[in-house]
Amino acid sequence: MSERGELVLQRRDDALELRVNGVFVMDTAHTETERLLAGETLGRVDRDGLRVLIGGLGLGFTLREVLADQRVAEARVVEIEPDLLDWHRRGLVPDTEGVLDDPRTRVNLGDIAEVLDTLEPCDVLLLDVDNGPDFLVYEDNSALYEASFLGRCADALVPGGTAAVWSADASPQLLAAMREVFGECAELVIPVTLGQRETTYHLFVARKQVELEQAGFEDSLQHQ
Ligand SMILES: C[S@@+](CC[C@H](N)C(=O)[O-])C[C@H]1O[C@@H](n2cnc3c(N)ncnc32)[C@H](O)[C@@H]1O
């Protein structure tokens, strides 16, 4: 139990399943999109010595994928549920065992909405804290999909940095909020099969513009 309710890690067939207050969050059988969140985003980044910020540890698949990229110098995870950190540390999630022990991993226990502004700027920010804006596990997370919080994510990025948000559903509102903040935003639609059901998961990926800041810099040079 946490102050947000009952967090359960249970075995179902060959997979581990994470539920919060009875609501399905994720399992270890379908992790392609959690891994793509990292892989697709890092694939768009052309730099070394990367600082990556991950909102939501979950079962650790996004973090494992981030750590597999040798250009990553630091992978910082912000996780709200102490039990999840504890389960990983006790080796209860064998698929991603060791992700918290990697020397590049840093952990902040807390709500990303509260922690974000205290962190060093990052090159890549990956947000997967909930099922997406229209199917929330934690009602308080609804603000994390709105322009004002996404603007804070943009502020947390270095110029040219990249942000990506995971969602279980298409969300025109989220796409619009990302475009409002970042200018452009790509929506990747990924087909997934859940048991008998065909559906799609969605990644919203955007880059913080450098041009505006450079323009400001050139302006200031001209005025010297
Ligand atoms: C869907 S899981 C993340 C899955 C992860 N991408 C993976 O590969 O396993 C969401 C995680 O975010 C955490 N979380 C939820 N709300 C949060 C918040 N506001 N700040 C930080 N972590 C949060 C949950 O406890 C959960 O561990």
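Everything here concerns the structure above.
Quick caveat: nothing in here was measured; it's all calculated off a predicted structure. (Residues numbered from 1 in each chain as written. Predicted model: local features only at pLDDT ≥ 70, side-chain atom pairs only at ≥ 80, totals over all residues. Heavy atoms only, no water.)

A. Fine view of the overall build of the protein. A tally of regular secondary structure across the protein gives seven helices and 10 strands. Its C-alpha radius of gyration of 18 Å places the protein within 12% of the 17 Å reference for a compact globule of 224 residues. C-alpha atoms of the protein, sized along the principal axes, occupy 65 × 40 × 30 Å. Taking all 224 residues of the protein together, the buried fraction comes to 50%. Excluding contacts between residues fewer than 6 apart, the proportion of contacts in the protein whose partners are at least 24 apart in sequence is 67%. As displayed, the protein offers around 11100 Å² of accessible surface, 46% of which is attributable to carbon and sulfur atoms. If you average the places of the 20 positive and of the 43 negative side-chain charges in the protein, the two averages end up 4 Å apart. (Helix = DSSP H or I, 4+ residues; strand = E, 2+ residues; numbered from the N terminus. Rg over C-alpha atoms; globule rule 2.2 N^0.38 Å. Buried < 20%, exposed > 50% of the residue type's maximum accessible area, 1.4 Å probe, protein only. Contact = heavy atoms within 4.5 Å. Areas by Shrake-Rupley, 256 points an atom, 1.4 Å probe, with all protein chains shown as cover. Lys, Arg positive; Asp, Glu negative; His and termini not counted. Charge placed at Lys NZ, Arg CZ, Asp CG, Glu CD.)

B. Main features of the site of the ligand. In the neighbourhood of the ligand, 23 residues make up the surrounding shell, with Leu59, Thr62, Glu79, Leu84 and Asp128 lying closest. Within the contact set of the ligand, an oxygen atom lies 3.0 Å away from a backbone nitrogen or oxygen of Phe61. One of the side-chain N or O atoms of Thr62 is found 2.8 Å from a nitrogen atom in the ligand. Within the complex, the protein chains bury 98% of what would otherwise be the 610 Å² of accessible surface of the ligand. Put simply, the ligand lies in the largest pocket. Of all the elements in the fold, those that place two or more residues in the shell around the ligand are β3 (23-27), α2 (61-68) and β5 (72-79). Residues of the shell around the ligand, tallied by class, amount to 12 nonpolar, six polar and five charged. (Near = heavy atom within 4 Å. Polar contact = N/O pair within 3.5 Å; in protein donor to acceptor, adjacent residues only side chain to side chain. 1 Å grid on protein atoms, 1.4 Å probe; cavity = no way out; pocket = protein on both sides within 12 Å on 5 of 7 lines; lining within 4 Å. Sits in = over half its atoms within 2 Å of the grid points. Nonpolar A, V, L, I, M, F, W, Y, C, P; charged D, E, K, R; others polar.)

C. Structural view of the packing of aromatic side chains. Per the counting criterion, the structure on display carries one aromatic pair. Above the ring of Tyr138, the side-chain terminus of Arg4 is found at 6.0 Å from the ring centroid. (Phe/Tyr/Trp six-rings, centres within 6.5 Å; stacked < 30°, edge-to-face > 60°. Lys NZ or Arg CZ within 6 Å of the ring centre and 35° of its normal.)

D. Spotlight on the pattern of salt bridges. According to the stated counting rule, one finds 14 salt bridges in the structure shown. For the salt bridge of Arg4 with Glu3, the shortest nitrogen-to-oxygen distance reads 3.9 Å. Its relative accessible area of 23% is what places Arg4 among the partly exposed residues. Taking relative accessible area as the criterion, Glu3 reaches 77% and is therefore assigned exposed. A salt bridge links Arg90 to Asp86; the nearest nitrogen and oxygen atoms lie 3.1 Å apart. A relative accessible area of 55% places Arg90 in the exposed class. (Salt bridge = Lys/Arg side-chain N within 4 Å of Asp/Glu carboxyl O.)

E. Examining the sheet that holds β3 more closely. The strand order across the open sheet formed by three strands is β1-β2-β3, and the pairing between neighbours is antiparallel. Because the sheet does not close on itself, it has two edges, and the strands there are β1 (7-12) and β3. Averaged over neighbouring strand pairs, the angle between their axes works out to 30° when direction is ignored. Looking at chain direction, β1 and strand β2 (residues 15-20) are connected through six bridges and run antiparallel. Looking at the pairing, Gln10 lines up with Glu17 of β2. (Pairing = 2+ DSSP bridges. Axes fitted to C-alpha atoms, helices over the stretch in contact; angles between N-to-C directions.)

F. Region of the structure containing the side chain of Glu74. Mapped onto the fold, Glu74 is located in strand β5. Every residue in contact with Glu74, bar those within four places of it in the chain, is listed here: Leu50, Arg51, Val52, Arg104 and Arg106.

G. Layout of the sheet that holds strand β6 (residues 105-109). Spatial strand order, β6-β5-β4-β7-β8-β10-β9: seven strands in an open sheet with mixed pairing. One side of each edge strand has no neighbouring strand; the edge strands of this open sheet are β6 and β9 (186-194). The average undirected angle you get between the axes of adjacent strands in this sheet is 20°. Where β5 meets β6, five bridges bridge the pair, whose relative direction is parallel. Considered in β6, the bridge of Val77 is made with Val107. Across the face of the sheet, helix α3 (residues 82-89) comes into contact with β5 and β6 while running at roughly 145° to β6. Packing against the sheet, helix α5 (residues 147-156) makes contact with β7 (122-127) and β8 (157-167), and its axis sits at approximately 140° to β8.

That is the geometry; function is a separate question.
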